[in-house]
Structure formats: structure tokens, C-alpha cells
Amino acid sequence: MSNTLILASQSPRRKELLQQLGYVFTCSPANIDESVRLAEKPAEYVARLSLEKAQAIGQKNSEEVVVLGSDTSVVFGQHILGKPESLSDCLAILNMLSGNSHQVITAIAAVQGERFEVVIVSTAVDFKTLSEKEITHYWHTGEPQDKAGAYGIQGIAGQFVKQIRGSYSAVVGLPLYETAQLLSAFGVKSSMTTD
């Protein structure tokens, strides 16, 4: 029997993606401080958060358990774009992304006892040019409110995306290929595993 797997997240999107890979797991969200540190680069930030989430849950469990942590940031220039708190926030963020290319950086971390490994996946996303009317209408759908970078690629905002270079599932919140490779390295088996 494989090791017990815990996903250190309550994100319905991450849950769905991990289920898609055929893993049996429980969810236990980590309550950590997600503030960006001074001079911290976006890739360092997501790597640190994914690891801290996994370690926070790992400490509460036995050493046999494998904990998977993940964090995703939408980055424009070197700026990490958070979740919009108002329509004006949403307009500011999406006007920045409008007609431009940005990066979505997702880190995944696996922790088992003292052992840990972090993988970073970066995907380039190109947006079409958006009008203020489109952004306002999008805000009122309720979709951008809890999304980093004010959009969800798997939802209505999929139509804003001209092209992506990299992993689609990483933009949603969990890179499927890298997650399967990482969990396999930690001896976690899924229903897809062939021995």
C-alpha cells in the first residue's frame, strides 16, 4: 500500500487535478503567513510558500505521510499580482495583463519527515486586449474575486487567453506532469501507476 497522501490545500481546483491523476488523499489546508518578503523574487516566493504549507501539515503527521503543498502566482514584470479586493483592483490588474504576456509560476513541494523537494513550473500566458467594459462585466460574474491575477483560466477568462507556452494545469494550480513525477519519486502510487 502506498504512503498516505495529504494535500495541504482546500482549493477545489487543486483537489480536482490531483484526483484526475488517480491519487487517494485527504485535504488539510495550511494556515501560513503569505506575505512577500523584502527583495523576494516571484519564483522564490512560490517555492517558499509551497514548502511552508507542506511542512506545516507535515509536522502534525507521522513521518510516513507525504504532504503535497502548492502555490501559484501571476507575475507581470517582477510584480506578483494578488487577488483583487475591489472592481478598481480588478481593472488595474487586468489592464496590466491586457494585450500583454505574463508569467504564471506554480511551485509544488513534497514533504515526508525530514525529506523535501520543491519543483517550480513557469508558464507564459498571452492575453488579448481587454476593454474596460469586458473587465467590469467579468468582475460582476464573481469569478475573479478569489483568483491571483484576477482571473481563472479554467473559467470565463479562458476566452481572454490568446496562447500559453508551458503547462495549462500549472496555470490552474497544479502541474499534472511534474506532480506525478514528484509523488512517484516519494513512492506515492496512484490508480494510474503500473507496476
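Look above for the structure.
Just so it is clear, the model here is predicted, and its values are computed rather than measured.

(A) Spatial organisation of the overall build of the protein chain. Across its full length, the protein chain holds 6 helices and 7 strands. Counting from the amino terminus, the protein chain carries its helices and strands in the arrangement β-α-β-α-β-β-α-β-β-α-β-α-α. Radius of gyration (C-alpha) of the protein chain: 17 Å, near the 16 Å computed for a compact globule of 195 residues. The principal-axis extent of the C-alpha atoms belonging to the protein chain is close to 55 × 40 × 25 Å. With 195 residues in all, the protein chain has 48% of them scored as buried. Distance between charge centroids for the protein chain: 4 Å, based on 16 positive and 20 negative side chains.

(B) Representation of the environment of Gln112 in the model. Structurally, Gln112 can be placed in strand S5 (residues 101-112). Residues Gln112 and Thr136, spaced 24 residues apart in sequence, show a C-alpha to C-alpha distance of 45 Å. A polar side-chain atom of Gln112 sits 3.0 Å from the main-chain carbonyl oxygen of Glu64.

(C) Structural detail: the pattern of salt bridges. As enumerated under the stated definition, the model contains 8 salt bridges in all. For Glu134, the salt bridge is made with Lys128, and the minimal N-O distance between the two is 2.7 Å. Its relative accessible area of 27% is what places Glu134 among the partly exposed residues. We classify Lys128 as partly exposed; its relative accessible area is 28%. Residues Lys147 and Asp146 are paired through a salt bridge, measuring 2.9 Å at the closest nitrogen-oxygen approach.

How each quantity is defined
Residues numbered from 1 in each chain as written. Predicted model: local features only at pLDDT ≥ 70, side-chain atom pairs only at ≥ 80, totals over all residues. Heavy atoms only, no water. Helix = DSSP H or I, 4+ residues; strand = E, 2+ residues; numbered from the N terminus. Rg over C-alpha atoms; globule rule 2.2 N^0.38 Å. Buried < 20%, exposed > 50% of the residue type's maximum accessible area, 1.4 Å probe, protein only. Lys, Arg positive; Asp, Glu negative; His and termini not counted. Charge placed at Lys NZ, Arg CZ, Asp CG, Glu CD. Polar contact = N/O pair within 3.5 Å; in protein donor to acceptor, adjacent residues only side chain to side chain. Salt bridge = Lys/Arg side-chain N within 4 Å of Asp/Glu carboxyl O.

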